[in-house]
Amino acid sequence: IGLLASTPFFAILSDKYQNRRIPMMVGMLGLAVATIGFSLASNYWVLIIARIGQGSAGGASWTIGLGMLADVYPPDNLGVVMGACMMANAIGFMMGPMVGAYFYEYHGYAAPFIFCAALAIIDFLCIVFIAEPEKKKRTSSGSDNGSRSSSSNSSNVSEHSSDAGEHGTRRSGPSTDQEVDALTIASTDGAGEVPTTQTMVAVERTLAVMSDPVKTQGILEDALHHEQHVKERQEQDHLLPQRPNGAPSATHEGYGLEPIFPLYLQDLLNATPTQTGLVLTAAIFPTLFASGIGYVADRTGHFYVSLVGMVLFAIATFALALPRSFLGFIIPLAIFGLGSSTILTPLLPAMAEV
């Protein structure tokens, strides 16, 4: 509930105000507070509230963090970058069950949560020193270029308009080389782009009233102003691709195993928390190859790699019900983790491309 509610809120907020760091800092502080809430919980409902707070904090940190990566890396290299991010997350997941089990068994229930809250504070301090992606600077630069191009085009077209006005001719369309040049200048940016329908109509209207220089100048200025606005919007959309606003959290492994697997191992094999943590490592270890999976996906296609991951995940999920020993769980869990990573890693750059 917390993740679903906070993800669009923080994503829209960061896009609107072009700021990534502050929402991430808020998320880290919220994570620290929610984690401390687990250590202080005295009943079930306090645990529920703490879990909602934890999910809300994840909506801030994960979504915006992935959006920050999409801001600064090109789509053809984003799979490798997202894979590296997933790999870092996998290292945390691999250490988490073992470290948490150790603190719980030897230092009490509250110790793992205090340790994680301390990590969240350290993460907060790291985010303070992260540089904000220079999206505004690049956008303003593109706007300036568009303004200079439009000004130059306006000057050239005005010269053609004045020449035609002095001859006192009235035409319904371009019929001379000069008028064709005027149409080309006004409807492109000089780089051979295809003229837009709006600009073609505006320039043709202008050429039809070439006998009146004052009216011609006014119509051309209106058309070029509209074209400049459209061009700036297109440049901005190109420089700032859609962030993965609804990106799933990379803690996907836990959502399938956390509520069931520890209890199942305890009933089946009388597993201690430390033993459960060690067995879960088998599911996390394959995700260390996420960067390599992203590299393959960037070159072969995100869809095909993700499809392979879904097949692996389906096989592994079924196979998890079969083992009757600790060693028997290693291979199904390894395939489970590999399938999870193979599904998610290609999806993040695919969303960024869209």
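Computed from a prediction, not measured in an experiment: that's the story for all the values here.

## Notes on unusual backbone geometry
Part 1 of the argument: Of note in this structure, Asn270 is not a glycine but carries a positive phi near 55°.
Part 2 of the argument: Along the chain, Asn270 turns up in the loop between helix H11 (261-269) and helix H12 (273-284).
Part 3 of the argument: By relative accessible area, which is 65% here, Asn270 ends up exposed.

## Some details on the pattern of salt bridges
Part 1 of the argument: Applying the stated criterion across every chain yields a total of one salt bridge.
Part 2 of the argument: Here Arg20 ties to Asp71 by a salt bridge, and the two come within 2.9 Å at their closest N and O atoms. Taken together, the residues Arg20 in the loop between helix H1 (2-16) and helix H2 (21-40) and Asp71 in helix H3 (residues 44-72) connect sequence positions 51 residues apart.
Part 3 of the argument: Accessibility expressed as a relative area gives 4% for Asp71, which makes it buried.

## So, the packing of helix H13 (residues 290-300) against helix H15 (residues 330-353)
Part 1 of the argument: Axis separation between H13 and H15 bottoms out at 9 Å; the angle between their running directions is 50°. The angle between the axes of H13 and H15 places the two elements in the oblique class. The handedness of the crossing between H13 and H15 comes out as right-handed. Residue-level contacts link Ala290, Ile293, Gly294 and Ala297 of H13 to Leu338, Ser341, Thr342, Thr345 and Pro346 of H15.
Part 2 of the argument: Classifying every residue of the contact of H13 with H15 gives five nonpolar, four polar and no charged.

## A closer look at the UniProt feature "transmembrane region" (unreviewed entry) in the protein chain
Part 1 of the argument: Taken from the UniProt record, the annotation "transmembrane region" (unreviewed entry) applies to residues 26-46, 80-103, 109-131, 278-297, 303-322 and 329-352.
Part 2 of the argument: The span residues 80-103 carries 100% helix and 0% strand; its end-to-end C-alpha distance comes to 34 Å.
Part 3 of the argument: Taken end to end, residues 278-297 is 75% helix and 0% strand, and its two terminal C-alpha atoms sit 30 Å from one another.

## Considerations on the packing of aromatic side chains
Part 1 of the argument: Taken as a whole and assessed by the stated rule, the structure comprises twelve aromatic pairs.
Part 2 of the argument: Centroid distance Phe313 to Phe336: 4.8 Å. Interplanar angle 35°. Geometry classified as tilted. One end of the pair, Phe313, is in helix H14 (residues 302-319); the other, Phe336, is in helix H15, with 23 residues separating them in the sequence.
Part 3 of the argument: The class for Phe313 is partly exposed, based on a relative accessible area of 29%.
Part 4 of the argument: According to the relative accessible area criterion, Phe336 is buried, its value standing at 4%.
Part 5 of the argument: Among the aromatic residues, those joined into a ring-pair cluster are Tyr102, Phe103, Tyr106 and Phe115.

## Describing the environment of Val354
Part 1 of the argument: In this fold, Val354 is placed in the segment after H15.
Part 2 of the argument: On the accessibility criterion, Val354 (75% relative accessible area) is exposed.
Part 3 of the argument: Put simply, Val354 and Pro75 are 279 residues apart on the chain and 9.8 Å apart in space, counted from C-alpha to C-alpha.

## Quick notes on the nonpolar core
Part 1 of the argument: Within the largest apolar cluster, 17 residues are counted, with the highest numbers of intra-cluster contacts made by Leu257, Phe261, Phe329 and Leu333.
Part 2 of the argument: Counting only elements with at least two residues in this core, the list comes to helix H4 (75-107), H11, H12 and H15.
Part 3 of the argument: If you tally residues by element for this core, the top one is H12, at five residues.
Part 4 of the argument: Once residues within four sequence positions are removed from consideration, Phe329 is found in contact with Phe261, Tyr264, Leu265, Leu268, Leu269, Val279, Leu320 and Pro323.

## Focus: the packing of H2 against helix H5 (residues 110-128)
Part 1 of the argument: Running from amino to carboxyl end, H2 crosses H5 at an angle of 170°, the nearest separation of the two axes being 8 Å. Classified by the angle their axes make, H2 and H5 are roughly antiparallel. Contacts between H2 and H5 pair Arg21, Met24, Met25, Met28, Leu29, Leu31, Ala32, Thr35, Ile36, Phe38 and Ser39 from the former with Ala110, Phe113, Ile114, Cys116, Ala117, Ala120, Ile121, Asp123, Phe124, Ile127 and Val128 from the latter.
Part 2 of the argument: The class makeup of the residues in the contact of H2 with H5 is 18 nonpolar, two polar and two charged.

## Some remarks on the side chain of Thr35
Part 1 of the argument: Along the chain, the position of Thr35 falls in helix H2.
Part 2 of the argument: For Thr35, the side chain forms a polar contact with the main-chain oxygen of Leu31, separated by 2.6 Å.
Part 3 of the argument: The residues touching Thr35, leaving out its near neighbours within four places in the chain, are Gln54, Phe113, Cys116 and Ala117.

## A short note on the environment of Asp123
Part 1 of the argument: With respect to the helices, strands and loops of the structure, Asp123 is situated in helix H5.
Part 2 of the argument: Owing to a relative accessible area of 34%, Asp123 belongs among the partly exposed residues under this scheme.

Definitions and cut-offs
Residues numbered from 1 in each chain as written. Predicted model: local features only at pLDDT ≥ 70, side-chain atom pairs only at ≥ 80, totals over all residues. Heavy atoms only, no water. Helix = DSSP H or I, 4+ residues; strand = E, 2+ residues; numbered from the N terminus. Buried < 20%, exposed > 50% of the residue type's maximum accessible area, 1.4 Å probe, protein only. Salt bridge = Lys/Arg side-chain N within 4 Å of Asp/Glu carboxyl O. Axes fitted to C-alpha atoms, helices over the stretch in contact; angles between N-to-C directions. Parallel < 35°, antiparallel > 145°, perpendicular 65-115°, else oblique. Left-handed = near helix turned anticlockwise from the far one by under 90°. Contact = heavy atoms within 4.5 Å. Nonpolar A, V, L, I, M, F, W, Y, C, P; charged D, E, K, R; others polar. UniProt positions renumbered as here; feature names shortened; annotations may be inferred. Phe/Tyr/Trp six-rings, centres within 6.5 Å; stacked < 30°, edge-to-face > 60°. Core = buried A, V, L, I, M, F, W, Y, C linked by side-chain atoms within 4.5 Å. Polar contact = N/O pair within 3.5 Å; in protein donor to acceptor, adjacent residues only side chain to side chain.

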